[in-house]
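Coordinate analysis (summary)
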Amino acid sequence: MKTLTRWSNTIMERYLPDPYIFVAILTLLVFLLGIGLTDSGPLDMTVHWGNGFWGLLAFTMQMVIVLVAGHVLASSPFFKKLLSTLAGLAKSPGTAILLVTVVSLIACWINWGFGLVIGALFAKEIAKKVTTVDYRLLIASAYSGFIIWHGGLGGSIPLSIATADHPYAKMMGVVPTSETIFSTYNLFIIAVIFITLPLLNRFMMPKPEDTVTVDPKLLEDEIEVEEAEEKTPAARLENSVILSMLIGALGVVYLVQHFVTKGFDLNLNIVNLIFFILGIIFHGTPKRFLAAVANAVKTSGGIIIQFPFYAGIMGMMVDSELAKVMSQWFVSISTEATFPLFTFYAAGLVNFFVPSGGGQWAVQAPVMLDAAQTLGVSYSKTAMAIAWGDAWTNMIQPFWALPALAIAGLRAKDIMGYCVFVLLLSGIVVSIGLYFF
């Protein structure tokens, strides 16, 4: 295993470009595929790209806030102490890898946004304690937990079809989570991944001579807060604990009201609000909070620049109907028994170009649900096959790794060599779950 991972890391270091280069190549590839496989010409594809370019603006802002608010919370004295205490449970590189994987799996099963940030922050804190652990594998382990998000409590597709009046309600009705998230096949997949993924990550630990460590001092987030010499009214407000607590109380009351009236609705906006409010409270004063924000914003450049390009790719995939062409090819070679399996593989392929659960469902659902009806396959299983395909190839798609990489201060090529094996393991487990259950 160590030989294979060393070979994989070498390949990724040599050939995997920066995520911006990756998305630029994907853009040109989809442009050419659209011309070759659909009725769209070069000008049509250009228009599709331009029309879609700003289609993820709201989501881009949500992801920037996930990153910034998570950073702000983690740099607060209280949260740093909490993470440090939990990180103290790891006494060796092996236990560090196991612990961060399990924590990431649990957090991502609860909510993907929560899991992405918490996993990376926890891994970073562990690296300060266990200085001999391979930092690349540690961050890869934190990211690997993301594989189960679409089969968990925050899965966008199963939650969407469990909602009254969803876009495909006339065809498939309202599908309860007992048939998706809590179905036998999905619980089997989740359970097996929970058992095998931490062990896989542990087995990928490199030899001591190949281990890449990080100086703990480089992981410290230094927040400089200048003390005002003059005690002006403005300075008193900037250093007012009372003001922070009042804003914090406002947020806490809203969150309590939200969960009381809507149940466990942990959507991305609520996750961001939790991070923000706790950051305001734990930093104590507005001045310390704003200093933490200024420090955190430096890491969000990759998301701001790259996400519009992915929106442009989605525009080309949807408007040219290239995604439909890809999906229909998999449908054409499917039988009743293999349809969930090929739906999973088709979704994994489409996910490279449409890395959004909601967007992918909108693209593939019409084709796959019609095929499921013709073949007599369960609508709920078809939906979960798309959901798992969306989650599966995220392991080698830099789009979702950007927040974790920004927090860790690493490049995509630093962790993707390990993530390839997570892709292989999870692909086998999901295939077995969809085919045999």
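All residue numbers here refer to positions counted from 1 along the written sequence of the relevant chain. In keeping with the model being predicted, local features are shown solely for residues with a pLDDT of at least 70 and side-chain atom pairs are shown and tallied solely at 80 or more, while totals for entire chains, interfaces and linings include all residues. Calculation of side-chain values draws on the structure's entire complement of heavy atoms; hydrogens and water are dropped beforehand.

1. Topic: the packing of helix H4 (residues 57–74) against helix H7 (residues 112–129)
Relative to each other, H4 and H7 sit at 35 degrees, their axes nearing to 10 Å. Taken as a pair, H4 and H7 cross one another with a handedness that is right-handed. Contacts from Phe59, Met63, Val66, Gly70, His71 and Ala74 in H4 reach Trp112, Gly113, Leu116, Val117, Leu121 and Lys124 in H7. Three classes are used, and their members are as follows: Ala, Val, Leu, Ile, Met, Phe, Trp, Tyr, Cys and Pro are nonpolar, Asp, Glu, Lys and Arg are charged, and the others, Gly among them, are polar. Of the residues contributing to the contact of H4 with H7, the split by class is eight nonpolar, three polar and one charged. Axis angles are defined between N-to-C directions and span 0 to 180 degrees, where every axis is a line fitted to C-alpha atoms and, for a helix, only to the segment in contact. Only runs of H or I of at least four residues qualify as helices and only runs of E of at least two qualify as strands under DSSP, and these elements are numbered from the N terminus. Two helices that cross are described as forming a left-handed crossing if the nearer one is turned anticlockwise from the farther one by less than a right angle, and a right-handed crossing if clockwise. What makes two residues a contact is simply this: any of their non-hydrogen atoms within 4.5 Å.

2. Let's talk about unusual backbone geometry
The phi angle at Asp165 is positive, at roughly 65 degrees, despite the residue not being glycine. Mapped onto the secondary structure, Asp165 falls in the loop between helix H9 (156–161) and helix H10 (169–172). Working definition: with a 1.4 Å probe on protein chains only, accessible area under 20% of the residue-type maximum means buried, over 50% means exposed, and in between means partly exposed. Overall, the relative accessible area of 75% leaves Asp165 in the exposed class. Notably, Glu321 is not glycine yet its phi reads approximately 65 degrees, a positive angle. For Glu321, the position within the fold is in the loop between helix H16 (301–319) and helix H17 (322–332). Glu321 gets classed as partly exposed once you look at its relative accessible area, which sits at 41%.

3. Digging into helix H21 (residues 398–408)
Burial of H21 is extensive: eleven of the eleven residues sit out of reach of the surface. Those residues of H21 that fall on the buried side of the exposure criterion are Pro398, Phe399, Trp400, Ala401, Leu402, Pro403, Ala404, Leu405, Ala406, Ile407 and Ala408. Its buried side turned inward, H21 meets helix H2 (19–37), H4, H7, helix H8 (135–144), H16 and helix H22 (412–436). Gly409 lies just past H21 and shows a positive phi near 75 degrees.

4. Quick look at the side chain of Ser84
Tracing the backbone through its elements, the reader meets Ser84 in helix H5 (residues 77–87). For Ser84, a relative accessible area of 18% gives the class buried. Setting aside residues no more than four positions away along its own chain, Ser84 makes contact with Glu125 and Lys129.

5. Focus: the nonpolar core
Nonpolar core, defined: a set of buried Ala, Val, Leu, Ile, Met, Phe, Trp, Tyr and Cys residues in which side-chain atoms within 4.5 Å join the residues together. Ranked by internal contacts, the top residues of the largest apolar core, which has 137 residues, are Leu138, Met317 and Trp361. Sorting elements by how many residues they give to this core places H22 first, with eleven residues. Non-local contacts of Trp361, meaning those with residues more than four positions away in its chain, are made with Ile157, Ser160, Ile161, Tyr168, Met172, Pro366, Leu369, Ala383 and Ile386.

6. Brief notes about the pattern of salt bridges
We count a salt bridge whenever a side-chain nitrogen from Lys or Arg sits within 4 Å of a carboxyl oxygen from Asp or Glu. This model, assessed by the stated rule, comprises six salt bridges. Put simply, Glu13, Arg411 and Asp414 are held in one network by salt bridges that share partners.

7. Observations concerning a nonpolar patch on the surface
A grouping of Met1, Leu4, Ile195, Leu199 and Phe203 is seen on the molecular surface, where their side chains present a nonpolar patch of about 500 Å² in accessible area. It is helix H11 (residues 184–203) that provides the largest number of residues to the nonpolar patch, a total of three residues. Tracing the chain through its elements places Ile195 in helix H11. Patch construction takes residues with relative accessible area above 30% that form no salt bridge. Like charges are linked within 9 Å, and nonpolar side chains (Val, Leu, Ile, Met, Phe, Trp, Tyr) are linked within 5 Å. Per-residue and other accessible areas were derived by the Shrake-Rupley procedure at a 1.4 Å probe size, with only the shown protein chains allowed to occlude residues.

8. Points about the state of the cysteines
Cysteine sulfur pairs qualify as disulfides if the two atoms are within 2.5 Å. One pass over the structure, following the stated rule, counts zero disulfides. Unpaired in terms of disulfides, Cys108 finds its nearest cysteine sulfur in Cys419, a separation of 12 Å. You can call Cys419 buried: its relative accessible area is 0%.

9. Things to note about the packing of helix H6 (residues 93–110) against H8
At a minimum axis separation of 7 Å, H6 and H8 run at an interaxial angle of 25 degrees. As far as their axial angle goes, H8 and H6 are roughly parallel. Helix-helix and strand crossings are classified by hand; for H6 and H8 the assignment is right-handed. Packed against H6, whose contacting residues are Ala96, Ile97, Val100, Thr101 and Ser104, the element H8 presents Leu137, Leu138, Ser141, Ala142 and Ser144 at the interface. Tallied by class, residues from the contact of H6 with H8 come to six nonpolar, four polar and no charged. Note on angle classes: values under 35 degrees are labelled roughly parallel, values over 145 roughly antiparallel, values of 65 to 115 roughly perpendicular, and the remainder oblique.

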